[in-house]
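Tertiary structure, described
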Amino acid sequence: SQTIHQWPATLVQPVGSPLSLECTVEGTSNPNLYWYRQAAGRGLQLLFYSVGIGQISSEVPQNLSASRPQDRQFILSSKKLLLSDSGFYLCAWRVLAGGPRETQYFGPGTRLLVL
Amino acid sequence: SQKIEQNSEALNIQEGKTATLTCNYTNYSPAYLQWYRQDPGRGPVFLLLIRENEKEKRKERLKVTFDTTLKQSLFHITASQPADSATYLCALDRGSGTYKYIFGTGTRLKVLA
């Protein structure tokens, strides 16, 4: 069965420091991958979407970037964190075959607090 | 611009009653709509998907309706239980087969024993 991992689970970082969040998927090939941010009291905001290695679309202009160095690995990065980057970061994948293609499966999330 | 609205106020209901949550949208016509459940500190979990040509979809104690004229979806939990307490999110596709979604802010449901 498919599994999605995210780490770390919790992170406290000072303003201006770099960031690297990792997401990996097991049990599937060539998934579509997503990064979302969920701020307190707000809905999930789509940050990045990837259909394959090196293929990433950015949805919101910001100081974050994403990379997909391997088929089942998706990384969210920042060179300098802002206070507004605090939130709950969720990675998700979408099945391309063998089930409803519209459904997304979310990871456990990373809670980021920028101080 | 595309917009989704869910009742941001928490919904408290008594155990055994039917909970009804609302999702309204404006400025576009999605091909389908999804409902997810999110527990505190966890990622959302998919519950149901309903397409624009479907009026109603059921899964066990869950029922979803989709009214494209009213631009509204209703999510019902019958015979609610305390374990149903969670935040429920609706999500709509952006259209054109993009597989990108817009999520509502969610409605927090609390089922009282």
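Everything below is about the structure printed above this text.
In short, a report on the structure.

Rules used throughout
Residues numbered from 1 in each chain as written. Chains lettered and ligands numbered in written order. Predicted model: local features only at pLDDT ≥ 70, side-chain atom pairs only at ≥ 80, totals over all residues. Heavy atoms only, no water. Disulfide = S-S within 2.5 Å. Helix = DSSP H or I, 4+ residues; strand = E, 2+ residues; numbered from the N terminus. Buried < 20%, exposed > 50% of the residue type's maximum accessible area, 1.4 Å probe, protein only. Contact = heavy atoms within 4.5 Å. Buried area = accessible area lost by both parts, 1.4 Å probe. Salt bridge = Lys/Arg side-chain N within 4 Å of Asp/Glu carboxyl O. Polar contact = N/O pair within 3.5 Å; in protein donor to acceptor, adjacent residues only side chain to side chain. Nonpolar A, V, L, I, M, F, W, Y, C, P; charged D, E, K, R; others polar.

With that out of the way, let us pick up the state of the cysteines. According to the stated counting rule, one finds two disulfides over all chains in the structure shown. Here Cys23(A) pairs with Cys91(A) through a disulfide, and the sulfurs are 2.0 Å apart. Its S-S torsion of about -70 degrees marks the bond between Cys23(A) and Cys91(A) as left-handed, since a negative value means left-handed. A residue pair is termed long-range when its members are at least 10 positions apart, and Cys23(A) in strand β3 (residues 19–26) and Cys91(A) in strand β9 (residues 87–94) qualify at 68 residues. Just as Cys23(A) is buried, Cys91(A) falls in that class too. One disulfide bridge connects Cys23(B) with Cys90(B), the sulfur atoms lying 2.0 Å from each other. Handedness here is read from the sign of the S-S torsion; for Cys23(B) and Cys90(B), about 65 degrees, the answer is right-handed. With Cys23(B) in strand β3 (residues 19–26) and Cys90(B) in strand β9 (residues 86–93), this residue pair connects regions lying 67 residues apart in the sequence. Judged by its relative accessible area of 0%, Cys23(B) falls in the buried class. Cys90(B) gets classed as buried once you look at its relative accessible area, which sits at 0%.

With 22 residues of chain A in contact, the opposing surface of chain B contributes 20 residues. Between chain A and chain B, roughly 1,600 Å² of surface is buried when both sides are summed, and carbon and sulfur atoms account for 53% of that area. The largest per-residue losses of area from chain A upon contact with chain B belong to Leu44(A), Glu102(A) and Phe106(A), which jointly make up 31% of the total buried on that side. In this structure, the connection of chain A to chain B is made through two salt bridges. The partner of Glu102(A) in a salt bridge is Arg51(B), with the nearest N and O atoms 2.8 Å apart. One can count seven residue pairs in polar contact (both at pLDDT 80 or more) joining chain A with chain B. When contributions to the side of chain A that touches chain B are tallied by element, the ones reaching two or more residues are β4 (32–38), β5 (44–52), β9 and β10 (104–106) of chain A. Residues that form the side of chain A that touches chain B fall into these classes: nine nonpolar, seven polar and six charged.

By themselves, these are just geometric observations and shouldn't be taken as functional.
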